Structure formats: C-alpha cells, structure tokens
Amino acid sequence: VMAIPAGALGNAFSELVEKEMNDEEAAEQQDGVDPEAQTQKTPLKVGVDTVRCLDGEREVKTYPVTEDFAVDLADAWFILSVLLVAASSLYFILGTLRNLPSRLDELLFVLAVLDVIATVTFSVEYIYRIRAASSVSSGLSSLRYIVSGFGIIDGLCALIPAFGYVYPKPFLRAFATLRILKLERYIGAFSSFKQILWQNRAVLSVTGGAAAVMWVIFSTLMYYAERKNPDPEMASHYSSVSTSMWVTLLNLSGEAPLCEYTTAGKFISALMGLIGVGFVTIPMGVLGSGFQDLLEQEEEATASTAPKKPGPAVEPQWMTFRQLVYKFLQGSAANQVEDLNRWEARAVYFERLIFFTIFVTVMAAIMETVDGFDPPGSFNRQVLDVIEIMATLLFTVEYGLRYFSAPEAPEWAARGYVSDSAARWSFATSISSIIDLCAIAPYYLALCGSSLADQYDGELRMLRIFRLLTLDKYIPSVSLIGRVFAKHAKDFQMAAYASASLWLIFSALMWLTERHDTTEVDDLTMAQRYGTMFSAMPYTLVHLTGDYPLIDYDFPAKCVLFLALLFAVGVVSVPTGLLASGFTQELKKFRAEERQKRVDAATTIERAIISYLRRRRLRKITEETKAQSMNLKRQKDIVKKDNPNKIKMVDFLEQKTLAGRVWKKVMLLLIILNVLAVIGESMSWVKEALGSDFLNGFELMSVLLFTFEYLANVWSANANIRYCFHRRNYTLSFFGIVDLVTVAPFWVQSAMYLSGMQFNAFIFRIARLLRILQLEDFVESFTLLDDAWRSCRETMVATGFMALLVWVCGAVLFYEFEQDNPAMEGAFKDLPSSMYFTIIFLGGEWAKIDFTPGGKIVCVIYCVVGIGLYGIPIGAVFEAFSDVLADEEKAEDE
C-alpha cells in the first residue's frame, strides 16, 4: 500500500513523457522522416558458409554420420562453445579459492586443460572471422567486425585470457567470465537491449535527466543535513557531496541502509521515499521491463499460432464406487455444499478438515522447536502427542483412499499408465505421494521402535512442516509452476541466460575490487566476504535484487554497483517477473478449465437441477430487493412527515447544504491539525513552545466537536437512507466505529481521572492518532482497497498459499542450516524466530547476510524465485487497486 503513491507518480510521469515523445515521432513520420531508420546501418553480410555456421545458422553445413543421422556444424559448434565457456568459467571460479581441497586437484587439472583449449579455440575463431570478413569485400569489413559488439567480445575473450598465461594477473584472469557472452549469438537475449533502449529513448532521456537532477539535489541536501551528525558513522557517509551521493543513490532506489538521521535528514529521507523513488527508478527499470515485455510479446505471438487442444471428454452419467471415491477426494473442485447429494457436501467438509489438520500439525511442529515449550510429561507435550496421533490416522486414511482411486485420475492415463497397477505405481512414485508418505512415516517409524526415529528425530519432525505441500491437491500452486516453466521455456532460457551472465560478470568485478578491502563490518572484513568467487557470488546476487545490507565499499566497488543499479538490477529481476506473471495467467486458465470440467462432467439431470436452483435463487434475491426498496421508500416518506428536524440534520451531515459543506471542510482541517498535534506533543521543543495549556484546550475543543458529530449521526441515523433508517447500521459501520473510537478514549480518561483511578495516559494519547481514519469520509482509500481485495480475492487464495509455502519451507531450511551459526546471533534459534527473519528476506530486505554454505544456497534460491513468488499476492493487490482507481476515474469522467 505504501508503494502505491510513489509507483503511481512514477508511472504517470513515465506515461506522460512517452505520450509526448510518441506524438513528436508521429509528426516526424508524417513529414517523411523515420528517426529509427536514420540510425540503422546496413548489417555486415558475411558470405562464408563456415562463419554462418559459427553464427548459429543451422542446415548450412551438415556431415552425415549414418543414413538416419547427420551432424550439423552449427549445433556442434554451439555444444562445444557451451562446454568450453562453462569449463573456463568454472576454472576461474575455482582458481580464486585459497585452500582448494586435494580431492579436486584432478578436476582442476582437467578444467585447466579445457581452459587452454578454449583460449586456443576462441583465438583461432577470432582470427578466422577477421580473415573471412576481409575476404568478402575490402579491408574495411574486417575493421567493421573488430569494432562491432560481437567483435569486441570475441577479441576480449580470446586475447586477454591468452595474455593472462604470460602475465598471471587477477584482472586478466577475470576476463574469462566474459566468455559467457559468446553464447549471445545463439540465444539472443542481449541483442534485444539495443531495440529496447531505442524504443524507450524518450523515457530514458527525460526521466534519466530528472533522476540525475534529483540525485544531485538530494545528495547536496543530505550533505548539509548530516555532515555534523553526532553519530560518527553517519557523518562519515555524508562527509562530502561526493560521498553523500552513494547512500543517497541507494535511498532513491528504495533502500534505507542507514537510519540514525538528524531531524532534517529524516524529513529529506521521507521526501525521497514519497517522491524521489517514483522518478529515479524509472530509468533503472527500463531495460528489465522492456526485456520482459519483449519476451511476453514473442510468447503471445507463438501462442496465437499454436493449435487449440480439444476439450475434455464427457464422463458417463453413472459412476462406480471407485469413481465416487475419486470424486469425493477432489473436494470443492468437483463437489458443492448446496448440492442435493449429501456426499458432495461431506466431500467439501472433508477437504476443510484436511486443511485444518495440516495447519494445526504445522503449527505444532513449529512450536516444538521453541525451548521449554513442551518438556517431557507436560500438558503441552500431551496435547502435541494427541494432535500427532489423530493427524497421522487421518492422513493415513486419505493416502489409502487416494491409492485405491488412483486409476480414476485422468493424468495417469494421459501419461500412458492405463492399467490399475501401473496407475497406482505412478501415483505412489509421484512427488505428492512421496510428500504424503514423508508426513506420516516418522510416526510409524517411532511406533515400530526404529533407531532412525531417535537418531534423526529433529529432521523427521521437520518433515511434518512439508505437509503444507500436500495442499497443492486442493489449492493449485506448486503444480502450476511446472506449467509455467513448460509453457514459457524459451522465455525463461533467455532471461536466465541474461541474468546468469550479469551475475557472473558483476561477481567477478566485485571480487576484483573488494578482495583486498580490510573494512570490517559485523566482525567480518569485506575481503573475507569477497575473497573468492564462491563467497562473492551470493552477496553480489543480493545486491542485484536491489538490496544493500552492506554499503561500506571502496570507490571502485561503488562504481561497479552503480552500474549494476542502472543496467543489471532490472534485468536480473526478469525471470522473477516472468514467473509471477506466468503463474497468475496459468492460475486463471486453471480456474477456467476446472469450471469447464464441472460443466462437462455434470449429467443432464444435474444440469437441470443446478439450473433450477439458480433460477430460484435469482428470483428470491430479486423479490427481496424489490421488497427492501419498497420498504425504504415507505420509511423515507414516514420520516419526512414525522421527523423534519432529523431530515435537516441529515442534509447538514451529508453536505447537502452550504453550512454542511463548510462544516465538513472545518472537520477536515481539524482532523489534520489533531494528527499534527499528537506528533508535535512527542517532540519536547514543540511542547515547550506551544505549552500544555494550549494543547489541552485544543484537545478539549476537538473532542467536543467530534462528539457532537458522532451524537448527531447517531440521533439522525434512523432518518438517513444511507444507513437504511436504522441507528444500528451506523453504529456498527466503519464510519460509526471510527467516530466512536476517536472520542471514547478522552471520555474514558476523564472518567477515570475524576474517579481517582491510576492509569497510563500514553494509551489514550496514542488512540487520538486514530482520528486520521476519519479522513476516509473525504478520501475513499480503505473503501477502494476493499474493492481491490474483492476483485482479486480468487487469485489471492492460490497465490497466498504459494507465498505461505515459500515462507514456511524457507524458514525451515534457514533454521536447519543457520541455528548454530554464531554470525546470526540467535536469529534462527527456533522456527518462530526463523520465520520472522525469513519474511523480512521475502520482503526484499536481507537483515542477515553472512550465512553458512547451506544458508547461502537457500539465499540464492530466494533471490532467484522465492521473492518473486512471495510477491505475487502483493502485486495482485497493487494491480487490482490500480484497476479500481482507473474505473473510478472513468466513472467520474462519464
């Protein structure tokens, strides 16, 4: 919600600039000028077949091996390039390790040989391309190739690493990471960046200039505000305008790594968060958003030409016992509570029982990790044992029923498992079945007296957390991810290649610039964090997601991270964005498919009954609405006749009179002044300047006015059609509760004071801040949020469950890996603490960063997919809120 104003401001500014520039382009094209054509150059056409194969053009040169198999030179060169690039990059990464395990010596030798082969191969390729270019036309063609993008990459990948063998310098060895860009010829991810930059040149030129101006202005303001900060660490970050620009850049990108500001610094930082972020992040996200849009457009073009799949087959009107069991286990996906068949309602209730049991067992497993919660023989331990027994029996029965009815599942027959035994084997070896077994196996192992239950008690107990994954049978989430990856495979390949390339290159740059930095932060030097490529890569990836838990870098590293903010952060987030948007699209398709399945599976009698129930329900609702409308009209006539004074009060409160409109404006000003007064009272210098008598008098006057308004609303509510002529409707409404809460604390405090009771006045003073909620009467913010929530409610169920899975599973993994890590300072000592820090990580803020190797792997997974999946519900609300605002604006315009 807090991001909506800044995002809306930035989007509006970007759209306005783009619209103006597009209008100028349209005018130029009408005059016969094509600005893009002026900048395009005739591409170099190389006529050598071998070079065409090296560029990835297939079916140019093929070599038959057998009658049915032939080797394409383009495919062979691509596979060889991938092998050599991977070996060269891995050799460089392993070469940065100081103490390499002796068992890896043979691997390192093989990689060294492959690195030499790669250097020779790419050098020969580079020379051959130069000769081929010069043989086509004049020598100008070879020069044109050398200074082209691919020519520069080929030269750096071939010549610089070769010099590294003669002069073994680290920065020469680091050029091996650029070899990953040689694969660009075959994947084509970065080639679209030029097109994206050109298409968005209008936005980049204007917003980039605005962002630069804001950066300099805010850096100067922060320098003057913080250069004499009593905190020496804060003062060191703002000792000059140039040093101030680093932290200010992070603030404008949405990060706040420092917080001990002076009063002036706090106001400037708040201004940056409210206004500056929306403008400055526009040019930063152009590459990423443009790249994602381009991939999605290509996917839509491919999907439009794909043949449509046939609809599902209609099920027979009669069902066997096994089919009935299978339908029963489908829960609400194939059954309805309102159905005439009682077993359909029982199926839905059984589904809800499974939900409830899974969440109870998960909470029990979480609380078991808290020290002292369930000592042996305690009541808590007995309750947890009963929960475990009941849940295991229920899950065992469910598993047996699913195993019995597995042949009725259409997905097994679609995969070729036609017989009953084959279908049951496929079910038993499926991921969901294995998860079910892992959820109940620990109990039976302990019951049988197995030593494994005691030896791995903690690990087996943690398996119960993963019972949440079994909910995927009822709420599709994990299964939809597979559909997303399968449908958008090409997009993910291109986006993953671009992200991995930037990650590897920027990790190498951070290793080069920080491997000798002795600056110590949280008992670790930067050289320890960036001493090897393996240790540098997780920290770099966290920075590429836009978070900066570490900021004490040398100047070269700051320059590297500045480039990362401009070009890499948006691109690295593309796979996450594709996954999020693809998941939402697949969820909508899945819902439509399920509805169609229910329609196709319904028999003729069922359809007739459902149609009858719907018509009956619609008729009943229509009759009730008409009766209610007639009743309200009759009550309105009675009120006009018997209570004319109440009608006048309603007109006054509803701003239908001039006095009422003036009153509302006075109340709006009074609400704002009350909020400012509460904030001012917490500042000693404001309280001393105004005096307690003035503040108390202002509070008394405000309460009297608010109380008058509340009592007036209560008195006239039975004459107000807005509350259906009932006082209860007003007192229990949002506005009625807010009006009461804003005045009740004062009168309760006064009554307690007069009766001589001792109390803490702090609670009553804080309650006055709730008066800001009365602004809802003037600006319909919470009403719009409620409308947004209702519009995306269906999507929020599945995406919210997906976010819960990512949160809980990640918390379990961090708990297992980091509970004994001294650098974490007890942050992961139990699961509740782990869940607290994990949800901060999923919000994009890495409060802890110095993980163990296992924790670093989980950190990388979170950066790649976890944060994006967790952010899907947040994005759904943001998008729904934007749609609601657009609908409101459209309605006002009409």
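The structure displayed is predicted, hence computed values, not measured ones.

Reading the values: the criteria
Residues numbered from 1 in each chain as written. Predicted model: local features only at pLDDT ≥ 70, side-chain atom pairs only at ≥ 80, totals over all residues. Heavy atoms only, no water. Helix = DSSP H or I, 4+ residues; strand = E, 2+ residues; numbered from the N terminus. Buried < 20%, exposed > 50% of the residue type's maximum accessible area, 1.4 Å probe, protein only. Areas by Shrake-Rupley, 256 points an atom, 1.4 Å probe, with all protein chains shown as cover. Patch = residues over 30% accessible without salt bridge, like charges linked within 9 Å, V, L, I, M, F, W, Y side chains within 5 Å. Salt bridge = Lys/Arg side-chain N within 4 Å of Asp/Glu carboxyl O. Core = buried A, V, L, I, M, F, W, Y, C linked by side-chain atoms within 4.5 Å. pLDDT = per-residue confidence, 0-100. Contact = heavy atoms within 4.5 Å. Disulfide = S-S within 2.5 Å. Axes fitted to C-alpha atoms, helices over the stretch in contact; angles between N-to-C directions. Parallel < 35°, antiparallel > 145°, perpendicular 65-115°, else oblique. Nonpolar A, V, L, I, M, F, W, Y, C, P; charged D, E, K, R; others polar. Lys, Arg positive; Asp, Glu negative; His and termini not counted. Charge placed at Lys NZ, Arg CZ, Asp CG, Glu CD. Polar contact = N/O pair within 3.5 Å; in protein donor to acceptor, adjacent residues only side chain to side chain. Left-handed = near helix turned anticlockwise from the far one by under 90°. Phe/Tyr/Trp six-rings, centres within 6.5 Å; stacked < 30°, edge-to-face > 60°. Lys NZ or Arg CZ within 6 Å of the ring centre and 35° of its normal.

(A) The arrangement of the overall build of the chain in detail. The helix and strand inventory of the chain stands at 41 helices and four strands. Within the chain, buried positions represent 41% of all 894 residues. Put simply, the chain shows about 48,900 Å² of open surface, and 64% of that area lies on carbon and sulfur atoms.

(B) Representation of a nonpolar patch on the surface. Together, Val116, Val120, Val124, Leu159, Phe163, Tyr165, Val166 and Tyr167 line one region of the surface with nonpolar side chains, adding up to about 780 Å² of accessible area. Looking at the nonpolar patch element by element, the count peaks at four residues for helix H7 (residues 149–166). Inspection of the secondary structure assignment puts Val124 in helix H5 (residues 105–136).

(C) Expanded view of the nonpolar core. Grouped together as the largest cluster of nonpolar side chains are 117 residues, with contacts concentrated most on Tyr553 and Trp846. Listed in part, the twelve residues of the second largest apolar core include Met649, Phe652, Ile671 and Val743.

(D) Molecular detail of the environment of Phe534. Structurally, the position occupied by Phe534 is in helix H26 (residues 533–544). Accessibility expressed as a relative area gives 42% for Phe534, which makes it partly exposed. Through-space distance from the C-alpha of Phe534 to that of Trp511 is 9.6 Å; in sequence the pair is 23 residues apart.

(E) Region of the structure containing the confidence of the model for the chain. Summing up the model confidence of the chain, the mean pLDDT is 76 and the portion of residues at 70 or higher is 72%. By mean pLDDT, the top-scoring element of the chain is helix H25 (residues 526–529) (90), and the lowest-scoring one is helix H2 (residues 35–39) (42). A low-confidence stretch, residues 33–47 stays under pLDDT 50, and its non-local contacts, those more than four residues away or across chains, total 15 contacts. In the model, residues 308–316 has pLDDT below 50 throughout and makes four contacts with residues more than four positions away in sequence or in other chains.

(F) Seen up close, the state of the cysteines. Taken as a whole and judged by the stated rule, the model has zero disulfides. Looking at Cys859, it has no disulfide partner, and the nearest cysteine sulfur is the one in Cys863, 4.2 Å off.

(G) Expanded view of the pattern of salt bridges. Counted under the stated rule, the structure contains 13 salt bridges. Of the charged contacts, one joins Arg129 and Glu125 as a salt bridge, the two residues approaching to 3.0 Å between their closest N and O atoms. Taken together, the residues span about one helical turn, with Arg129 and Glu125 both in helix H5 at a distance of four residues. As a salt-bridge pair, Lys182 and Asp154 come within 2.8 Å of each other at their nearest N and O atoms. Of this pair, Lys182 sits in the loop between helix H8 (170–173) and helix H9 (184–187) while Asp154 sits in helix H7, and the two are 28 residues apart along the sequence. The exposure class of Asp154 is buried, given its relative accessible area of 1%. Among the charged side chains, a salt-bridge network with shared partners connects Glu125, Arg129, Asp154, Lys182 and Arg185.

(H) Representation of unusual backbone geometry in the model. Phi at Asp522 takes a positive value of approximately 55°, unusual for a residue other than glycine. Positionally, Asp522 belongs in the loop between strand S3 (520–521) and strand S4 (524–525). Accessibility expressed as a relative area gives 61% for Asp522, which makes it exposed. The backbone of Glu825 sits at a positive phi, close to 55°, despite the residue not being glycine.

(I) Inspection of the packing of helix H17 (residues 379–405) against helix H19 (residues 420–428) at higher detail. At a minimum axis separation of 8 Å, H17 and H19 run at an interaxial angle of 140°. As the angle between them shows, H17 and H19 are arranged oblique. Listed contacts from H19 to Tyr399, Arg402, Tyr403 and Phe404 of H17 are Arg424, Phe427 and Ala428. Tallied by class, residues from the contact of H17 with H19 come to five nonpolar, no polar and two charged.

(J) Representation of a positive patch on the surface in the model. A contiguous patch of positive charge, built from Arg615, Arg616, Arg619 and Lys620, is present on the exposed surface. By the element assignment, Arg616 lies in helix H29 (residues 604–642).

(K) How the structure looks around the environment of Ile440. Of note, Ile440 is situated in helix H20 (residues 431–447). In this structure the C-alpha to C-alpha distance between Ile440 and Glu388, which are 52 residues apart in sequence, comes to 9.3 Å.

(L) The side chain of Asp547, seen in detail. Looking at where Asp547 falls in the secondary structure, it is placed in the loop between H26 and helix H27 (555–572). Within the structure, Asp547 has its side chain in polar contact with the backbone nitrogen of Trp846 (distance 2.8 Å). With sequence-adjacent residues up to four places away left out, Asp547 is seen in contact with Glu255, Val542, Gly844, Glu845 and Trp846.

(M) Summary view of the packing of helix H33 (residues 692–716) against helix H35 (residues 734–754). As a packed pair, H33 and H35 sit with axes 9 Å apart at the nearest point and diverge in direction by 140°. The orientation of H33 with respect to H35, classified from their angle, is oblique. In the crossing of H33 with H35, the sense of the turn from one axis to the other is left-handed. Residues Glu699, Leu700, Val703, Leu704, Phe706, Thr707, Tyr710 and Asn713 of H33 lie in contact with H35, whose contacting residues are Gly736, Asp739, Leu740, Val743, Phe746 and Trp747. Residue composition of the contact of H33 with H35, grouped by class: nine nonpolar, three polar and two charged.

(N) Up close: the packing of aromatic side chains. Throughout the structure, instances matching the rule amount to 27 aromatic pairs. Ring geometry for Phe78 and Tyr186: centres 5.3 Å apart, planes at 65°, overall edge-to-face. With Phe78 in helix H4 (residues 73–95) and Tyr186 in helix H9, the pair connects residues that are 108 residues apart, well separated along the chain. Both rings, one in Trp663 and one in Phe708, keep their centres 5.6 Å apart while their planes meet at 80°; by these two values the pair is edge-to-face. Pair noted here: Trp663 is in helix H31 (residues 658–681) and Phe708 is in helix H33, with a separation of 45 residues, a long-range link. Taking relative accessible area as the criterion, Trp663 reaches 13% and is therefore assigned buried. Within the aromatic cluster, the residues linked to one another by ring pairs are Phe814, Phe828, Tyr836, Phe837, Phe841, Trp846, Phe851 and Tyr862. Lying over the aromatic face of Tyr403, Arg424 brings its terminal NZ or CZ to 5.8 Å of the ring centre. The cationic tip of Arg515 hangs over the ring face of Trp511; the distance from NZ or CZ to the ring centre is 5.1 Å.

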